[in-house]
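Chain residues, written in single-letter form:
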Amino acid sequence: MNFPRMKAWPVKDLGGALAALAVVGFLVAGCAKLPKDNAQLTELQFEGLMGSRYTEILLVFGDAVTKDFTAGVYNTVGLNGANPAGGGDSCPAAILDKIDMKKVKEDNGALSAIKNGPRLWTVDHIGAKVGTERDFQGLKARWVMWFPIPEAIREGKDLSYQVMTANRDTSMSIDKGSRAYILDDPQGNSWVMKSASLIKDPNQKFEDLKDLGSRLKLPPGWKFRSLILEQDLVFMTDNGKTHITQDELGNTYDRVGGPYSNYKP
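Each chain has its residues counted from 1, running along the sequence as written. Two thresholds apply to this predicted model, a pLDDT of at least 70 for residue-level local features and 80 or more for giving and counting side-chain atom pairs, whereas whole-chain, interface and lining totals are computed over all residues. Just so you know, side-chain values use all the structure's heavy atoms and leave hydrogens and water out.

Peer 1: Pulling in residues and values, what's your account of the pattern of salt bridges?
Peer 2: We define a salt bridge as a contact between a side-chain nitrogen of Lys or Arg and a carboxyl oxygen of Asp or Glu at a distance within 4 Å. A complete count under the given rule lists seven salt bridges for this structure. Ionic pairing is found between Lys-103 and Asp-107, a salt bridge with its closest N-O pair at 2.8 Å. Pair noted here: Lys-103 and Asp-107 are both in helix α3 (residues 101-107), with a separation of four residues, about one helical turn. Across the pair Asp-184 and Arg-225 runs a salt bridge whose closest N-O atoms are separated by 2.5 Å. Residue Asp-184 is located in strand β11 (residues 179-184), and its partner Arg-225 is located in strand β13 (residues 223-228); the two are separated by 41 residues in the primary sequence. Residue exposure (1.4 Å probe, protein chains only): buried if accessible area is under 20% of the type maximum, exposed if over 50%, otherwise partly exposed. Its relative accessible area of 16% is what places Asp-184 among the buried residues. For Arg-225, a relative accessible area of 27% corresponds to the partly exposed category. Numbering of helices and strands runs from the N terminus, with a helix taken as a DSSP run of H or I at least four residues long and a strand as a DSSP run of E at least two residues long.

Peer 1: Talk me through the environment of Phe-147; I want residue IDs and the actual numbers.
Peer 2: Note on placement: Phe-147 falls in strand β8 (residues 139-148). A relative accessible area of 7% means that Phe-147 is categorised as buried. Each C-alpha atom of the pair Phe-147 and Val-60 lies 9.1 Å from the other, and the pair is 87 residues apart in sequence.

Peer 1: I'd love a proper account of unusual backbone geometry, names of residues and values included.
Peer 2: Residue Pro-118 is bonded to the preceding Gly-117 through a cis peptide linkage, with omega at 10 degrees. Mapped onto the elements of the fold, Pro-118 is located in strand β5 (residues 112-121). Even without being glycine, Asn-80 reaches a positive phi, approximately 60 degrees. Its location among the elements puts Asn-80 in the loop between β4 (68-75) and α2 (93-96). Even without a glycine there, the phi angle at Gln-137 is positive, about 55 degrees. Given a relative accessible area of 33%, Gln-137 falls into the partly exposed group.

Peer 1: I'd love a proper account of the environment of Gly-78, names of residues and values included.
Peer 2: Here Gly-78 is to be found in the loop between β4 and α2. Accessibility expressed as a relative area gives 9% for Gly-78, which makes it buried. In sequence terms Gly-78 and Cys-91 are 13 residues apart; their C-alpha atoms lie 9.6 Å from each other. Contact definition: two residues touch when any of their heavy atoms are within 4.5 Å. In this view, Gly-78 contacts Phe-46, Asn-83, Pro-84, Ser-90 and Arg-142; residues no more than four positions away in its chain are not counted.

In structure tokens form, the structure reads like this:
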């Protein structure tokens, strides 16, 4: 299929860095300057991602006195034995489970280091301008974005079913014939999952996502549904902004309909 050229990494895909940061909490001290990992960028396209595993490593830099923190987000997609064009497991458990995050922090001169994964893609296509590739104790991951960390995350607040705004100049897509996992809120807005988390529930299985509604403790007025798309769904932004939300398991959704997608499923 044809889909828009992607100019930057999608801010929740961060893929759930919001949940990871909130769960871990935010206790850092000292000062660490941002590295120049975005000095040289290469635009890459990835296809065949639906259901494949990936992880992000977040390196937190900034100043604990001014409380100005930014995370560098490093994504494993296309690396570590996975298909370079997309698909496959880009974060093998044999490597991922042995990573010492304290040592990752020390080795990379960061204030903190966070493992945001493993996660499962629930989109078919995505693109990114990637920067420096780092080796985290055998797990290779590329810089994909800087993420200024909001106060709510630093305070460890629960962000489940909260609407957040993300700045993004990119697009993702789900193919016709693929399954979409959708939240509908009380205001009539719909939200399509783009990333399933295995952080809070390592036993969550891709094939069970269609029945996720029976597991979620949905707030009043919220509903979950799942369907096979009858046409390609392309995620878009409104003047570079989009809205995201997460469920209590850390699965992440983009708002669709209106200016945020080519149609509302």
